[in-house]
Amino acid sequence: MCLITDEGSLLTDAIANKLRQQGWGTIVILRFPDDIVHSEKNRLADFEVVQTKDLSEESIQQSLNQIQENHGTIGSFVHIHPASSTKLQLQNLFPEKEKNIIKTVFFLAKHLNPSLERSAETGRSCFFVITRLNGMLGFGASRHNNGAAGGLYGLLKTANIEWNNVFCRAIDLTPDSKVEEAADFIKNELYDADLRITEVGYSKEGRMTLSTEIQNGELEVANGSDVDSQSVFLVAGGAKGVTAACVVELAKRHRCRFILLGRTEYPVDEPSWLNGITNEKELKKLCMEEFIKNGEKPTPVKIMNFLRPILAQREIKATITAITAESAKVDYISANIFDQKSLSEKLKPVIKAMGPITGIIHGAGVLADKLIKEKTFADYDAVVSTKIDGLQSLIHCIAPEQLKHLILFSSAAGFYGNEAQSDYALANEILNKFAHQFKALYPACHVVSFNWGPWDGGMVTPELKRLFEQRNVKVIPIDIGAKIMANELSSDQIGISQVVIGNSMVIPKSLDESLLTSTVTRSIGLNQNPFLSSHIIGKEPVMPIITALSWMADTCEQLYPGYHFIASDNTGVLKGIVFKDARPDNYAVQIKETEKRDSGELILDVNISSLSPENKQVFHYRSLIHLSPFQLESSVLQDFKLADTEPKQGAEFYRDGTLFHGPSFQTVSRQLNIDRKRLTLLCEAPGIKSQESGQFQPNPFNFFADDTQLQALLIWVRHYYQSASLPLKIAKGEFYKKIPFNTPFYITVQVESTTDTKLVANTFAHDKYGHLYSKLIGAEAIISKALDGKFLRQST
């Protein structure tokens, strides 16, 4: 049974009807109170409609219980979020109605968690969120919509981590999407096999999702910052912890001015008997003695409650001392940032002394880590309000036109999701979407939402740090994080509104002991994949074996999120896929689990097949695919030779018929040397546009570049046998890292054996130092002069 929320437009009707046509069985519509979402009463007459009395948790539970008593277990939940009808209002960033709907969906998710997981044991169970921000998940945000609903992406990504086998996905549409077209997009996403993707957008640019672009570099001081000694930053959460470290770094570089906000009263005299004591154990011991002396029973809770404000004051003092030591100005205000009126009054004399505020740094945050099913209203309010209401208060205190910098401390938990942090992920995703919206409204302002991973300090305890190390989660050293933050305020970064620091904290879900079989079907045609026209045999495009291996490996990764393709065994061509015309055909990838090792490695027997006109199954390619929770560590090839002793330009091979490959696969730049036992090539893969690779993006390895290893076999055969050849088998492949486009690399071939009809060799893709990208062991090519007439020379 599927539950769909009614957002008051015909989109709800279209989706409900579309799913009914697809045979989804019982569909129930959940309607919010009229003062929250208005809906015409005569709509959806063909469906069971249940309306919640109010948005309390009790009312949510009653509605869900009523639905399940009447219709059985809820197996899928689709929330359609009402489109925002007003543009972002800075005096009311997050309207109460919007916040109430988001909170209600959060607690609907909490109470649907058990039924969705139960349903997933016997079939596909779904949790979908549909928004209408801008069709691009809030990036390049419109000036005319409120992006708070994007916070639900953080909830959904966390549910995807916590819930076993529930298919979770967020879909963002443009506000003016046509109803039937939008319903088709949603229907197609509900049937998608790729479990790695948790969010997609549909705009006039097409379908998109988000990914990070890795940028590594030296942490040198960036030039050209528009922060100077006259800059005045209002900093929430900046007197303590990691935010304080970032503030001190800015003070070092720019000697700017800071107004620090915090709840702690400062300065307050501490007891004289604690003066000069910094050791935590000694402090606790003295507190215990003082409690006993005063006739009180010392408990750990009492002692920490007594010490906490004292330690906080000391940290504030240390921060202020560090800032003033850099000849920067600083003031501290004890304030409740949720009280906008009081905060504005307290700021007036400080602004008069410091000058007008030119920047905001919102670094305040609260955690209440629990699984979704254990969250309470109090948990949610504490975590979300600190981020969201706190931001509202800060913005309210300043004329936005005067802001030169808006710095938001968000979290990688929002971008990736994180177990037990659903509310924190939701709040930080709202910050991320707001950053893009504010930038659209005030393009001259330098806006950055920092999606921080865990810091070595702050909220990361020593126990949590050890857990992160076990999961290969990178912990950010405080000094490095502070430098990153300061560098991002350089002038050349002004167009970047969101930065992710660190990697995902998600770990692959454990697999049960049973061995399962899955089949993923897709329709493939020549028109959708232009690159295939660069691989023509006998006048017809043929799918390369290396592309088929990439297809099989990528499909496996789709079904096992968090697992990485590391190796293959016994990859072979059975009856290659030949594209005789442009009409698409259906192909099935069958994936059979064969072994689950204690190391976490998973072995899968995979084949690609289709049905003949006589309805008989035809097998095309086969491979044993190895997946692992961990990337394969690269090794170094020891025996390679880069001497340019028998040079030949790569273009000659494509002109003289040695190689039949067209532009997409023309990767050989130059032959360096060749003998009976070895061949070395200098290569470079030209950049391939996404439209050209079509349905076959170069994942999990760059098959355009790795095909060069097989082209090398053809070069060697032509040199010594004056014959054409064709690669049909790879005994073993190991894949360490993706070969980048437009970057020189080398192929080394080591010949193992050869006859008049077959070459067997080991091939290695590596850089000039021998660091391996990948290797193919026991790659076989059949040798036959009959193939000479099959290959078409391709223009270069």
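Please read these numbers as outputs of a predicted model, since none were measured by experiment.

Moving on, we come to the pairing of strand β9 (residues 232-236). β9 sits mainly inside the fold: five of its five residues count as buried. Pairing analysis gives five bridges linking β9 to strand β10 (residues 257-262), with the strands arranged parallel. In the strand pairing of β10, V232 is matched with R257. Tracing the backbone out of β9, into helix α6 (residues 241-254) and back to the parallel element β10 gives a crossover that is right-handed. Note that β9 and strand β12 (residues 359-362) share four bridges and pair parallel. What sits directly across from V235, in β12, is I361.

The next thing to look at is the sheet that holds β10. Taken in spatial order, the seven strands line up as β11-β10-β9-β12-β13-β14-β15 in an open sheet, and their pairing is parallel. Pairing within the sheet leaves two strands with one partner each, and these edge strands are β11 (329-334) and β15 (498-501). Ignoring strand direction, the axes of neighbouring strands in this sheet form an average angle of 15°. Pairing of strand β14 (residues 446-452) with β15 involves four bridges; the strand directions are parallel. Bridge pairing in β15 links F450 to V499. With respect to the sheet, helix α9 (residues 340-354) is in contact with β9, β10 and β11, its orientation differing from that of β11 by roughly 165°. Strands in contact with helix α12 (residues 422-441) are β12, β13 (405-411), β14 and β15; relative to β13, the strand with the most contacts, it is inclined by about 155°.

What follows covers helix α7 (residues 280-293). Two residues of an α-helix separated by three or four positions point the same way, owing to the 3.6 residues in each turn. In this model, α7 (14 residues) spans 20 Å end to end at C-alpha, consistent with the 20 Å of a helix rising 1.5 Å per residue. The set of residues buried in α7 consists of L283, L286, C287, E290 and F291. All buried residues of α7 lie within an arc of 140° about the axis, which places them on one face of the element. What points out from α7, more than 90 degrees from its buried face, is the exposed set K281 and I292. Those residues of α7 that are buried are in contact with α8 (300-324). N-capping of α7 is provided by N279, with a side-chain oxygen placed 3.0 Å from the backbone N of K281. Looking one or two places after α7, you find G295, whose phi comes out positive at around 80°.

Reading the values: rules and limits
- Residues numbered from 1 in each chain as written.
- Predicted model: local features only at pLDDT ≥ 70, side-chain atom pairs only at ≥ 80, totals over all residues.
- Heavy atoms only, no water.
- Buried < 20%, exposed > 50% of the residue type's maximum accessible area, 1.4 Å probe, protein only.
- Helix = DSSP H or I, 4+ residues; strand = E, 2+ residues; numbered from the N terminus.
- Pairing = 2+ DSSP bridges.
- Right-handed = clockwise from strand over helix to strand, strands pointing away.
- Axes fitted to C-alpha atoms, helices over the stretch in contact; angles between N-to-C directions.
- Contact = heavy atoms within 4.5 Å.
- Expected span 1.5 Å × (residues − 1).
- Arc of directions from axis to C-beta.
- Polar contact = N/O pair within 3.5 Å; in protein donor to acceptor, adjacent residues only side chain to side chain.

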